[in-house]
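Chain by chain, the residues:
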Amino acid sequence: MKITASAPGKVILFGEHAVVLGKPAIAVAVDRRVKVTIRKGKETGIINVKIPSLAVQGSINPDQGTIENDGHLKTGILHYIKGALQKTSIKRGMELEVSLDIPIGAGLGSSAAITVATLAAAARFNQQDITKEEIAETCHQVEVEVQGAASPLDTAISTYGGVIYLSKTKITPLQPARDLPLVVGYTPQPGNTGELVEGVGRKRNTYPDIINPILDSIENLTNEAREAIIQGDEKRIGELMNINQGLLDALGVNTWELSRLVYQARQAGALGSKLTGAGGGGSMIAYCPGRTREVLRELKNLENAFQVGISYKGVTYR
Ligand code: PMV
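Heads up: these notes are all about the structure in this document. (Residues numbered from 1 in each chain as written. Predicted model: local features only at pLDDT ≥ 70, side-chain atom pairs only at ≥ 80, totals over all residues. Heavy atoms only, no water.)

Observations concerning the overall build of the chain
Of the regular secondary structure elements, the chain holds nine helices and 13 strands. What you see for the chain is a C-alpha radius of gyration of 19 Å, in line with the 20 Å of a compact globule of 318 residues. Its C-alpha atoms put the chain at 55 × 45 × 35 Å along the principal axes. A total of 318 residues make up the chain; the buried ones form 55% of that total. Taking as baseline every contact in the chain between residues at least 6 positions apart, the subset at least 24 positions apart corresponds to 73%. Of the accessible surface of the chain, which amounts to about 13,700 Å², a share of 47% is contributed by carbon and sulfur atoms. Averaged over its 35 positive side-chain charges, the chain has a centre that lies 5 Å from the centre of its 32 negative ones. (Helix = DSSP H or I, 4+ residues; strand = E, 2+ residues; numbered from the N terminus. Rg over C-alpha atoms; globule rule 2.2 N^0.38 Å. Buried < 20%, exposed > 50% of the residue type's maximum accessible area, 1.4 Å probe, protein only. Contact = heavy atoms within 4.5 Å. Areas by Shrake-Rupley, 256 points an atom, 1.4 Å probe, with all protein chains shown as cover. Lys, Arg positive; Asp, Glu negative; His and termini not counted. Charge placed at Lys NZ, Arg CZ, Asp CG, Glu CD.)

Details of the pattern of salt bridges
Counted under the stated rule, the structure contains 14 salt bridges. Put simply, Lys87 and Glu145 hold a salt bridge, and the shortest N to O gap is 2.9 Å. In this pair, Lys87 is assigned in the loop between α1 (76–86) and β6 (94–100) and Glu145 in helix α3 (residues 132–147), connecting sequence segments 58 residues apart. The exposure class assigned to Lys87 is partly exposed, which follows from its relative accessible area of 29%. Two residues, Lys235 and Glu239, come together in a salt bridge whose shortest N-O distance is 3.4 Å. (Salt bridge = Lys/Arg side-chain N within 4 Å of Asp/Glu carboxyl O.)

Focus: the nonpolar core
Grouped together as the largest cluster of nonpolar side chains are 89 residues, with contacts concentrated most on Phe14 and Ile81. Two domains each donate at least three residues to this core, and these are domain 1 (2–173) and domain 2 (175–308). Ignoring anything within four residues of it in the chain, the contact list for Phe14 reads Ala25, Ile26, Leu221, Thr222, Ala225, Ile229, Ile237, Leu240, Met241, Asn244 and Lys274. Core analysis: the second largest hydrophobic core is formed by ten residues, Val19, Ala25, Ala29 and Ile157 among them. (Core = buried A, V, L, I, M, F, W, Y, C linked by side-chain atoms within 4.5 Å. Domains from an automatic or database assignment.)

A word on α3
Look at α3: 22 Å from first C-alpha to last across 16 residues, which is about the 22 Å you get at 1.5 Å a residue. Taken together, the buried positions of α3 are occupied by Ile135, Ala136, Thr138, Cys139, Val142 and Glu143. Where the residues of α3 are buried, they touch α1, α2 (110–125) and α4 (153–160). Gly148 occupies a position one or two residues after α3 and carries a positive phi of about 95°. (Expected span 1.5 Å × (residues − 1).)

A few points about the pairing of strand β1 (residues 2–14)
For β1, a buried count of twelve out of 13 residues is recorded, marking the element as mostly surrounded by other parts of the structure. Pairing between β1 and strand β2 (residues 25–40): eleven bridges, direction antiparallel. Residue pairing across strands places Thr4 opposite Thr37, the latter belonging to β2. The pairing of β1 with strand β13 (residues 316–317) spans two bridges and is classified as antiparallel. Paired with Ser6 across the strands is Thr316, a residue of β13. (Pairing = 2+ DSSP bridges.)

Structural notes on a positive patch on the surface
Taken together, the side chains of Lys2, Lys35, Lys313 and Arg318 present a region of like positive charge at the surface. For Lys35, the location among the structural elements is in strand β2. (Patch = residues over 30% accessible without salt bridge, like charges linked within 9 Å, V, L, I, M, F, W, Y side chains within 5 Å.)

Some remarks on the packing of α3 against α4
Helix-helix packing: each pair is described by the crossing angle between the helix axes and the interaxial distance. It is the contact of α3 with α4, at a shortest axis distance of 8 Å, that shows an interaxial angle of 150°. Here α3 lies roughly antiparallel to α4, going by the angle between them. Two packed elements cross with a definite hand, and for α3 against α4 that hand is right-handed. Where α3 abuts α4, its residues Lys132, Glu133, Ile135, Ala136, Cys139, His140 and Glu143 lie against Asp154, Thr155, Ala156, Thr159 and Tyr160. Its residues placed into classes, the contact of α3 with α4 shows five nonpolar, three polar and four charged. (Axes fitted to C-alpha atoms, helices over the stretch in contact; angles between N-to-C directions. Parallel < 35°, antiparallel > 145°, perpendicular 65-115°, else oblique. Left-handed = near helix turned anticlockwise from the far one by under 90°. Nonpolar A, V, L, I, M, F, W, Y, C, P; charged D, E, K, R; others polar.)

As for the pairing of strand β9 (residues 182–186)
Of all the five residues making up β9, five are buried; the element is thus mostly covered by neighbouring parts of the structure. Side-chain alternation along β9 places Leu182, Val184 and Tyr186 on one buried face and Val183 and Gly185 on a second face that is also buried. Here five bridges tie β9 to strand β12 (residues 304–308), and the two strands are oriented antiparallel to one another. If you follow Tyr186 over to β12, its bridge partner there is Asn304.

Here you go:
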């Protein structure tokens, strides 16, 4: 018996960081996925996990909550898998293999996609019915347990796919009038989401009269961007991304490496570009209708880069 589930990664188009402080955000599921395959394994309660692309091999005992082979740098992922397995009814007699089409620790939602695909695969393997709502909600709990804090954005977008506007906990799917041609550039240094979120909180406490209006501006531009996306107003989408980038810089989560990519993308013809996700390293996105090839080429001269499109396919069995 073999079950495979896959889930997409994501980029945040507007509103990261502000979303942690109750403001809205817009995210897009991208056509790069995580695949989790579960096969029948030994009836021991110990579940072997293989992630060949990262050379990770580990074993998880969900009943005891233990992970072995945890010394490896990239085994953070095993905590999300363990968390998802602990939420399923039967936690033995299986082995797991993960294949990744998303760089990890780059702010592209790999941990949420792994959690979502693991839970979906494990539920099906156990012949347990589970709705998308249950997957999104349970996986958000897992992220909170593993990370300490997380908005429901990543797990929701990975579960449902498409383009999502999140306000507080309300998730609204958006229908963009046009495709969103995006290029992702990612820097080798990973940003630490927890520390960066804390840093923004500290700044806000120190300078409330300065930072609160910035958060309000991000809220306003995210709401304006929602309309621009629905109407397919390319120029406005690009301009709002550039404004969002400036405000994220003011919040202290930008880096020189990201800035370099952001400006290079604009020079190569992107209508807008900004960091995406937590910042402090990680990734940036460039919105480049009609200029994808040029932007991709320029960014690849500096760092890793690839093109992404919207994935309307959320979590699925295959
Ligand atoms: O870099 P990521 O994908 O973990 O995104 C973090 C986005 C934040 O808004 C900074 C945090 C969150 O939980 O929404």
